[in-house]
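Each chain, letter by letter, is given below.
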Amino acid sequence: MADPRKTAVAQEAPPAYTIARDSEEEKKEILKRYRSLLRACKPSVGPAAKKRIRLAFNTALEAHRGMRRRSGEPYIYHPLAVARIVAAEIGLGATSIICALLHDTVEDTDLTLEDIESLFGKKESRIIDGLTKIAGVFDNKSSIQAENFRKILLTLSDDVRVILIKLADRLHNMRTLAVMPREKQVKIASESAYLYAPLAHRLGFYAIKTELDDLALRYTEPQIYQQINEKLQATKKERDRFISEFTKPLGVEFKKQKLKFEIKGRPKSIHSIWNKMKRQEIPFEEVYDLFAIRIIIDTPSEREKADCWRVYSIVTDFFVPNPDRLRDWISTPKANGYEALHTTVMSNPGKWVEVQIRTRRMDDIAEKGYAAHWKYKESASESAVDEWLGKIREILENPEANALDFIDDFKLNLFAEEIFVFTPKGELRTLPSGSTAIDFAFDIHSDVGSRCIGAKVNHKLVPISHELNSGDQVEIITSTKQFPKEDWLTFAVTAKAKSKIKSSLKEQRKKTAEFGKETFDRRLRQLKTSLQKINMNNVLLHFKCPSPTDLYYKVATDQLDLRELGDVLSGKIKPRPKLRPRKEEPSFEDMVRKVRGTSDALVIGENMDKIDYKMSPCCNPIPGDEVFGFITINEGIKIHRSNCPNAIQLMSNYAYRIVKARWTGQKQIAFMAGIRITGADDVGVVNSITKIISSELKVNMRSISIESQDGLFEGTIMLFVHDTEHLKKLMHKLQQLKGILSVTRID
Ligand code: MN
């Protein structure tokens with residue numbers, strides 16, 4: 001249970017009848033907070049809407065009467081605070097405020113959805129329904145259940161207000177996290193950093209994202225948070241003086257040019273300072289951009305761009321800009337809707353300073369996100385939140401993608417930073433960073449993707465696996481003879497490309513199997529029999545195929561020799577009983593144990609008659625290559641190169657089938673070490689861990705096991721390292737992964 005109030009209600013609160021009514025003082029405080037909520041409403045919330053808000057307040061007050069939060073405060077403080085966040089910080093209207101006030105009633109009190117509907121209406125009850133369901137999905141159990149999550153997102157795309165209210169709910173719970181026990185703090189905090197902060201970012205709520213990240217750091221890394229905070233306080237005076245010196249001449253000039261403006265010095269968040277310290281491995285003192293100067297101008301919409309550039313021109317008259325650091329997010333806004341001009345200039349004492357230039361409207365949207373778009377409707381072109389929800393819907397509606405794939409794909413999209421690339425005609429496309437030419441092709445159209453044989457990036461011919469960079473101009477080359485290949489999945493990044501490739505591969509397999517079936521039928525006719533007359537089970541058993549489709553596919557691709565078919569059918573060859581039914585599959589583990597048995601590694605070239613092994617055709621290892629063994633179902637052990645593109649996928653999905661291998665004569669220069677990792681639970685986490693271990697640091701893993709509970713996971717990894725320095729470096733790298741809480745060595 002992540003939500004503090006649930007603990008308070010379910011375990012902490014004494015039965016209702018022993019609770020004294022709210023004291024007079026508390027009643028006054030409740031009313032005070034209610035009035036503050038009304039004041040926070042936008043001017044567009046008229047008297048009729050205010051009446052409905054009053055009804056919602058009274059309904060929630062009555063429903064939660066006698067309930068208290070863990071802090072001991074009346075429970076109603078929480079929905080009041082959430083409603084205030086919804087109104088003041090997100091900028092939503094009456095319907096959302098009403099739903100925020102009522103958001104916990106259906107889950108925690110006697111009030112029903114029918115009550116809500118009859119008191120407020122259909123829309124309100126639908127939103128509360130969504131919120132109640134989300135509480136079950138996000139806040140309970142260890143990891144989010146994929147299938148539920150998918151359904152909830154479908155509900156969300158119905159009314160985005162559900163997720164905005166949920167975000168406000170989480171923000172208030174994070175603000176009041178101090179009263180929770182330590183382990184709950186860590187869990188809720190890491191979940192917020194992991195799931196909610198990126199979501200807020202994606203939706204364009206920059207202020208909320210920053211606050212969630214800062215609060216999360218405060219509870220997950222209390223010492224670090226304290227240290228940075230103290231250092232920030234200690235240097236504040238000096239910083240303020242610098243900012244006023246820096247902005248003085250600008251203000252004079254702005255006034256001269258009759259610009260309406262406001263200049264602020266924005267300190268960087270503690271979380272982003274810490275990120276920078278980690279990323280660049282520098283102490284606090286060396287983070288040069290502890291703050292940015294923000295210039296906000298009031299200007300009519302048709303003059304926005306011109307005036308922002310006018311401000312830029314004035315700023316650079318006084319200070320020399322760094323040409324590499326100019327960012328124009330006015331001409332091409334970020335995918336989350338962010339618009340501004342950023343530049344970094346050299347100040348008089350010789351320090352680089354970032355200057356952000358934006359209009360009041362851009363500032364509102366940056367702080368409050370899409371809710372603010374509604375205020376500026378006429379100028380907001382296509383709302384990117386619709387685009388984002390559209391993308392989610394696209395994935396959700398693809399029947400081929402299973403729920404777990406979906407989460408992986410979704411998270412990938414959620415966390416990836418973006419790149420901007422252009423079509424030959426100059427049209428802008430936004431893709432997650434790391435995207436390759438094939439992703440671009442699928443982004444244009446699935447047919448273009450499926451037929452893609454190469455690309456021209458900035459007029460140079462590149463393979464379809466070529467990774468794109470921001471600013472690239474990409475032209476896709478297609479051929480009608482082309483179709484999606486299995487290995488495309490190793491370099492496709494976007495959810496769209498991946499799911500289209502997967503479904504096309506499935507389709508191809510089916511088609512190929514049809515050819516195989518014809519061949520098989522023909523063979524049967526030669527043997528003077530037919531499908532109806534034979535015992536298919538025996539055939540499948542003999543050829544070790546799980547299904548007829550699989551058999552036909554193998555026939556069509558020449559993986560199977562039908563010459564024995566006659567003998568199998570006549571009974572001359574008995575189906576080998578060795579092929580045990582599926583449930584006895586642990587034989588793998590036996591095999592692994594047997595192979596691993598005495599020595600740490602499988603030595604290729606020694607005693608190889610005892611073991612059935614093959615060099616994998618996907619990477620063709622040769623002596624001297626770093627290799628590992630993978631225990632397959634039917635074909636013994638396959639030897640792959642450690643840098644084989646399939647290796648990461650194999651290691652992360654089937655770590656227990658990996659066998660360390662080396663060539664005869666190659667010196668054994670690695671020893672085994674174990675590390676324990678804890679962090680926030682996530683389906684992609686194993687992948688990121690193994691990626692670091694195997695691809696970045698080229699360490700071979702012996703085993704990895706991960707257990708998760710209550711949204712946190714604990715993993716044990718056994719691996720081979722050269723020496724302690726090597727191990728230290730590896731642990732340091734892992735420590736920096738998103739969502740990782742601790743990395744320790746097992747002795
Ligand atoms: Mn709540």
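Each remark here, short or long, concerns the structure printed above.
Heads up: these notes are all about the structure in this document.

Criteria and thresholds
Residues numbered from 1 in each chain as written. Predicted model: local features only at pLDDT ≥ 70, side-chain atom pairs only at ≥ 80, totals over all residues. Heavy atoms only, no water. Pairing = 2+ DSSP bridges. Helix = DSSP H or I, 4+ residues; strand = E, 2+ residues; numbered from the N terminus. Axes fitted to C-alpha atoms, helices over the stretch in contact; angles between N-to-C directions. Contact = heavy atoms within 4.5 Å. Phe/Tyr/Trp six-rings, centres within 6.5 Å; stacked < 30°, edge-to-face > 60°. Buried < 20%, exposed > 50% of the residue type's maximum accessible area, 1.4 Å probe, protein only. Lys NZ or Arg CZ within 6 Å of the ring centre and 35° of its normal. Expected span 1.5 Å × (residues − 1). Bend = angle between axes of the 7 residues up to and from the residue. Donors = N, O, S within 2.8 Å, 3.2 Å for Na, K, Ca; no water. Salt bridge = Lys/Arg side-chain N within 4 Å of Asp/Glu carboxyl O. Core = buried A, V, L, I, M, F, W, Y, C linked by side-chain atoms within 4.5 Å.

1. Overview of the sheet that holds strand E9 (residues 452-457)
Consideration 1: One open sheet holds the 3 strands; their spatial order is E10-E9-E11, and the pairing between them is antiparallel. The open sheet has two edge strands, strand E10 (460-462) and strand E11 (474-478), and neither has a second partner. Going from strand to strand, the sheet's axes swing by 30 degrees on average, the running direction of each strand aside.
Consideration 2: Here 3 bridges tie E9 to E10, and the two strands are oriented antiparallel to one another. Its bridge partner lying in E10, lysine 456 is registered against leucine 461.
Consideration 3: Against the sheet, helix H21 (residues 437-444) contacts E9 and E11, and its axis sits at roughly 85 degrees relative to E11.

2. Examining the packing of aromatic side chains
Consideration 1: Considering all chains together, one arrives at 8 aromatic pairs under this definition.
Consideration 2: Ring centres of phenylalanine 318 and phenylalanine 319 lie 6.4 Å apart, and the angle between their planes is 45 degrees; on these two criteria the pair is classed as tilted.
Consideration 3: A residue is classified by how much of its surface remains accessible, and phenylalanine 318, at 37% relative accessible area, is partly exposed.
Consideration 4: By relative accessible area, which is 2% here, phenylalanine 319 ends up buried.
Consideration 5: Following the ring pairs from residue to residue traces out a cluster consisting of Phe242, Phe246, Phe291, Phe318 and Phe319.
Consideration 6: Above the face of the tyrosine 77 ring, arginine 33 is positioned so that its terminal group lies 3.7 Å from the ring centre.
Consideration 7: Residue placement shows arginine 509 over the ring face of tyrosine 553; its charged tip is 3.9 Å from the ring centre.

3. Looking at helix H14 (residues 236-256)
Consideration 1: Compared with an ideal rise of 1.5 Å per residue, which puts 21 residues at 30 Å, H14 spans 30 Å between its outermost C-alpha atoms and is within 8% of the ideal.
Consideration 2: The largest bend along H14 measures about 35 degrees and falls at threonine 247, with the proline proline 249 one to four residues further on.
Consideration 3: If you check which residues of H14 are buried, you get Arg239, Phe242, Ile243, Phe246, Thr247, Leu250, Gly251, Glu253 and Phe254.
Consideration 4: Against the buried residues of H14 lie helix H13 (222-234), strand E1 (260-267), strand E2 (291-298), helix H16 (304-318), strand E5 (341-346) and strand E6 (352-359).
Consideration 5: Just past H14, the residue lysine 258 takes up positive phi, approximately 60 degrees.

4. Some points on helix H3 (residues 47-63)
Consideration 1: With 17 residues, H3 extends 24 Å from end C-alpha to end C-alpha; this agrees with the ideal 24 Å at 1.5 Å per step.
Consideration 2: All of the buried residues in H3 are Ala49, Ile53, Ala56, Phe57, Thr59, Ala60 and Leu61.
Consideration 3: Residues of H3 that are buried sit in contact with helix H2 (24-40), helix H4 (77-89), helix H5 (94-101), helix H6 (105-108) and helix H7 (113-119).

5. A word on the coordination of the manganese ion
Consideration 1: Coordination of the manganese ion by the protein involves His78 (NE2), His103 (NE2), Asp104 (OD) and Asp169 (OD), with metal-donor separations of 2.2 to 2.5 Å.
Consideration 2: Mapped onto the polypeptide sequence, the residues donating to the manganese ion form the spacing pattern H-x24-H-D-x64-D. Of the two residues, aspartate 104 is situated in the loop between H5 and H6 and aspartate 169 in helix H10 (residues 161-175); the sequence distance between them amounts to 65 residues.
Consideration 3: For aspartate 169, a relative accessible area of 3% gives the class buried.

6. Here's the deal with the pattern of salt bridges
Consideration 1: A full pass over the atoms with the stated rule returns 27 salt bridges.
Consideration 2: Two residues, glutamate 29 and lysine 32, come together in a salt bridge whose shortest N-O distance is 3.8 Å. Taken as a pair, glutamate 29 and lysine 32 lie in helix H2 at a separation of 3 residues, close to a single helical turn.
Consideration 3: The exposure class of glutamate 29 is partly exposed, given its relative accessible area of 23%.
Consideration 4: The residue glutamate 262 makes a salt bridge to arginine 360 at a minimum N-O spacing of 3.1 Å.

7. Some words on the nonpolar core
Consideration 1: Counting 58 residues, the largest nonpolar core has Leu37, Ile53, Ile97 and Leu101 as its most contacted members.
Consideration 2: At the level of secondary structure, the elements contributing two or more residues to this core comprise H2, H3, H4, H5, helix H8 (122-139), H10, helix H11 (182-202) and helix H12 (206-220).
Consideration 3: Excluding anything up to four places from it in sequence, isoleucine 53 contacts Tyr34, Leu37, Leu38, Cys41, Val45, Ala94, Ile97, Ile98 and Leu101.
Consideration 4: Core analysis: the second largest hydrophobic core is formed by 36 residues, Ile293, Val345, Val353 and Ile357 among them.

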